[in-house]
Amino acid sequence: MAGTVVVERTERIQAGRERLLPLLSRLPEWTQWSPWEDMDPELKRDYSGEPGAIGSTYTWSGNRKAGAGAMRVTAVDDTGVGIHLDFTRPFRSSNELRFVLEPEGDATRVIWRMETPQKLYTRFVNLDKLVGGDFERGLRNLKQVAEAG
């Protein structure tokens, strides 16, 4: 996308697409591996739609650290999962997430990519430094869950 900021991290996971797709597309499954799960023990969650289906959603509201927002599944296919992500608190932002699944023998390379429109705040905030570490931690957690199953 033109005029966008992209954050991307990659992890090789010893699991096939059939194991990874449900962990990524079924938003309630994120509680097993999301890097943000421990930010607010009293986080309020709401899910709607058929888990893993296009159009299913997850909304959350938590403390200052967890913030608030919504995710909606926009694509699920053999190449990966697309998710539209809106933050409403602590700041407003609209982002496109994509989990790309690339087979590598008996493993899968998972690429977690976020694209957000370049706005004034993104010129002054290094989004890679802000969320890159979270993506790395999330992919390590996903690897642990997927390889254990």
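Refer to the structure above for everything that follows.
Overview of the structure. (Residues numbered from 1 in each chain as written. Predicted model: local features only at pLDDT ≥ 70, side-chain atom pairs only at ≥ 80, totals over all residues. Heavy atoms only, no water.)

1. Comments concerning the overall build of the chain
Then, in step 1: Looking only at helices and strands, the chain features three helices and seven strands.
Then, in step 2: Traced from its N-terminal end to its C-terminal end, the chain shows the element sequence β-α-β-β-β-β-β-β-α-α.
Then, in step 3: Here the C-alpha radius of gyration of the chain, 15 Å, is about what a compact globule of 149 residues would show, namely 15 Å.
Then, in step 4: Expressed as a percentage of its 149 residues, the buried residues of the chain come to 40%. (Helix = DSSP H or I, 4+ residues; strand = E, 2+ residues; numbered from the N terminus. Rg over C-alpha atoms; globule rule 2.2 N^0.38 Å. Buried < 20%, exposed > 50% of the residue type's maximum accessible area, 1.4 Å probe, protein only.)

2. Brief notes about the pairing of strand S5 (residues 80-89)
Then, in step 1: With nine bridges connecting them, strand S4 (residues 68-77) and S5 associate as antiparallel partners. By the bridge assignment for S5, Ala 68 is matched with Arg 89.
Then, in step 2: From the end of S4 to the start of S5, which pair antiparallel, there are two residues.
Then, in step 3: As judged from the eight bridges shared by S5 and strand S6 (residues 93-104), these two strands associate in the antiparallel manner. Across the sheet, residue Asp 86 finds its bridge partner in S6, namely Ser 94.
Then, in step 4: Where S5 hands over to S6, the hairpin turn is made up of three residues, counted between the paired strands. (Pairing = 2+ DSSP bridges.)

3. Describing the sheet that holds strand S2 (residues 44-48)
The pairing of strands in a sheet comes from backbone hydrogen bonds and takes either a parallel or an antiparallel form.
Then, in step 1: If you walk across this open sheet you meet the seven strands as S1-S7-S6-S5-S4-S3-S2, and the pairing is antiparallel. Each edge of the open sheet carries a strand with a single partner, namely strand S1 (4-13) and S2. For this sheet the average axis-to-axis angle between neighbouring strands, irrespective of direction, equals 15°.
Then, in step 2: The sheet contact formed by S1 and strand S7 (residues 107-117) spans ten bridges and is antiparallel. By the bridge assignment, Val 7 is partnered in S7 with Met 114. (Axes fitted to C-alpha atoms, helices over the stretch in contact; angles between N-to-C directions.)

4. With respect to the nonpolar core
Then, in step 1: Among the nonpolar cores identified, the biggest contains 33 residues, and Trp 33, Phe 99 and Leu 142 are the most heavily contacted of them.
Then, in step 2: Secondary structure elements with two or more residues in this core: S1, helix H1 (17-25), strand S3 (57-61), S4, S5, S6, S7 and helix H3 (127-148).
Then, in step 3: In terms of residue count, H3 provides more of this core than any other element does, seven residues in total.
Then, in step 4: Sequence-distant contacts of Leu 142, defined by excluding residues within four places in its chain, comprise Ile 13, Leu 20, Leu 23, Leu 24, Trp 33 and Val 110. (Core = buried A, V, L, I, M, F, W, Y, C linked by side-chain atoms within 4.5 Å. Contact = heavy atoms within 4.5 Å.)

5. Some remarks on the side chain of His 84
Then, in step 1: Structurally, His 84 can be placed in strand S5.
Then, in step 2: Among the residues examined, His 84 registers a relative accessible area of 14% and is labelled buried.
Then, in step 3: There is a polar contact of 3.1 Å between the side chain of His 84 and the side chain of Asp 86.
Then, in step 4: In terms of polar contacts, His 84 uses its side chain to reach the side chain of Ser 94, at 3.3 Å. (Polar contact = N/O pair within 3.5 Å; in protein donor to acceptor, adjacent residues only side chain to side chain.)

6. What to know about the environment of Gly 82
Then, in step 1: Looking at where Gly 82 falls in the secondary structure, it is placed in strand S5.
Then, in step 2: In contact with Gly 82, not counting residues within four places along its chain, are Arg 72, Val 73, Thr 74, Ala 75, Leu 97 and Arg 98.

Remember that the coordinates give geometry; whether it matters functionally is a separate question.
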